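Residue-level structure breakdown
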Amino acid sequence: PGLIPGNNWLNGTEHELGWNVVLGTVESISSYELAFKIKFDRTIDNYGSILHFTADDRDCCEFGSRVPGIWTQPGTTALFITTSTTTNFVNYNQYAPTQQLPLHEWNDIKIRVLENSEIQIFYNGTIISTTT
């Protein structure tokens, strides 16, 4: 479990994350920015689900199944991010940055999908991945 500090779409309140907990709904659009803070207290041996937004109630592999899906990579605090865009209708926009996030510290994560289908990923204010 983790915590999402205050944010706009959940009325600025803090929420504890847990397995199969629906926090709310958002409207999927051709461009978006998702920003949140996360603090890891340990790593796990498998992929660890952090957030998974879906427009079709499916885990994979249609347009809208992952807008986005975010996991930790096995045994690390590095993120695995996948998202659909308007020019890539399946979830093959996958990013597995090697940069690990520090344990026991709040980390700022931002994922930005632009209308031209460019995807930008930021860790603590630094862009770590960009693609079109």
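Presented here is an overview of the structure given in this document. All figures in this text were calculated on a predicted structure; none of them were measured in a lab.

Things to note about the packing of aromatic side chains
- In total, this model carries 2 aromatic pairs according to the counting rule given.
- An angle of 65° between the planes, with centres 5.7 Å apart, marks the rings of Tyr-47 and Phe-80 as edge-to-face. With Tyr-47 in the loop between strand E3 (32–38) and strand E4 (48–52) and Phe-80 in strand E6 (residues 79–85), this pair connects stretches of sequence that are 33 residues apart.
- Of the residues examined, Tyr-47 reaches a relative accessible area of 49% and is grouped as partly exposed.
- Centroid distance Trp-71 to Phe-80: 6.0 Å. Interplanar angle 55°. Geometry classified as tilted.
- Assessed through its relative accessible area of 11%, Trp-71 is described here as buried.
- For Phe-80, a relative accessible area of 15% gives the class buried.
- Counting every residue linked through ring pairs, the aromatic cluster contains Tyr-47, Trp-71 and Phe-80.

A short note on the side chain of Gln-73
- Looking at the element boundaries, Gln-73 is found in the loop between strand E5 (69–72) and E6.
- By relative accessible area, which is 17% here, Gln-73 ends up buried.
- Ignoring any residue separated from it by four or fewer positions in sequence, one finds Gln-73 in contact with Asn-46, Tyr-47, Ala-78, Leu-79, Phe-80, Ala-96 and Pro-97.

Structural notes on the sheet that holds strand E9 (residues 119–123)
- With antiparallel pairing, 4 strands are arranged side by side in an open sheet as E3-E8-E9-E10. One side of each edge strand has no neighbouring strand; the edge strands of this open sheet are E3 and strand E10 (126–131). Strand-to-strand twist of the sheet, defined as the mean angle between neighbouring strand axes without regard to direction, takes the value 15°.
- Relative to E9, strand E8 (residues 107–113) runs antiparallel, the two being bridged by 5 bridges. When the sheet's bridge partners are listed, Ile-109 is paired in E9 with Tyr-123.

Cut-offs applied
- Residues numbered from 1 in each chain as written.
- Predicted model: local features only at pLDDT ≥ 70, side-chain atom pairs only at ≥ 80, totals over all residues.
- Heavy atoms only, no water.
- Phe/Tyr/Trp six-rings, centres within 6.5 Å; stacked < 30°, edge-to-face > 60°.
- Helix = DSSP H or I, 4+ residues; strand = E, 2+ residues; numbered from the N terminus.
- Buried < 20%, exposed > 50% of the residue type's maximum accessible area, 1.4 Å probe, protein only.
- Contact = heavy atoms within 4.5 Å.
- Pairing = 2+ DSSP bridges.
- Axes fitted to C-alpha atoms, helices over the stretch in contact; angles between N-to-C directions.

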